[in-house]
Amino acid sequence: MDKKKEKLVIDGNAFYEVDLDCLEQKRRVKEAAEKKRQQKRQRK
């Protein structure tokens, strides 16, 4: 079975199609930046 790549979000009369691959990539970038900040703090 194929992995879903999009999610439909319904909010009142509006609906959005969310790209799950894009969200996953943004999450990884955010985690990497947070890890880098933590390492920088530990060096001080």
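Caption draft 1: Up close: the overall build of the chain. Helix and strand counts for the chain stand at 1 helix and 2 strands. Mapped in sequence order, the helices and strands of the chain form the string β-β-α. C-alpha extents for the chain along the principal axes are approximately 50 × 30 × 10 Å. When each of the 44 residues of the chain is scored for burial, the buried share is 0%. If you sum the accessible surface of the chain, you get close to 4900 Å²; carbon and sulfur atoms cover 51% of it. Placing the 15 positive and 9 negative side-chain charges of the chain at their respective mean positions leaves the two points 13 Å apart.

Caption draft 2: Representation of the environment of Leu23. Its location among the elements puts Leu23 in helix H1 (residues 20–43). For Leu23, a relative accessible area of 43% gives the class partly exposed. Separated by 19 residues in the primary sequence, Leu23 and Gln42 place their C-alpha atoms 29 Å from one another.

Rules used in this analysis
Think of each chain on its own: its residues are numbered from 1, step by step along the sequence as written. In keeping with the model being predicted, local features are shown solely for residues with a pLDDT of at least 70 and side-chain atom pairs are shown and tallied solely at 80 or more, while totals for entire chains, interfaces and linings include all residues. Working from all heavy atoms in the structure, the side-chain values ignore hydrogens and water. Secondary structure counts use DSSP, requiring at least four H or I residues in a row for a helix and at least two E residues in a row for a strand, with both numbered from the N terminus. Here the term buried applies to any residue with accessible area under 20% of the maximum for its type, exposed to any over 50%, and partly exposed to those in between, with areas from a 1.4 Å probe on protein chains only. Accessible areas in this description were obtained via Shrake-Rupley with a 1.4 Å probe; residue shielding takes into account the shown protein chains only. This count recognises Lys and Arg as positive and Asp and Glu as negative, with His and chain-terminal groups excluded. To locate a charge, take NZ of a lysine, CZ of an arginine, CG of an aspartate or CD of a glutamate.

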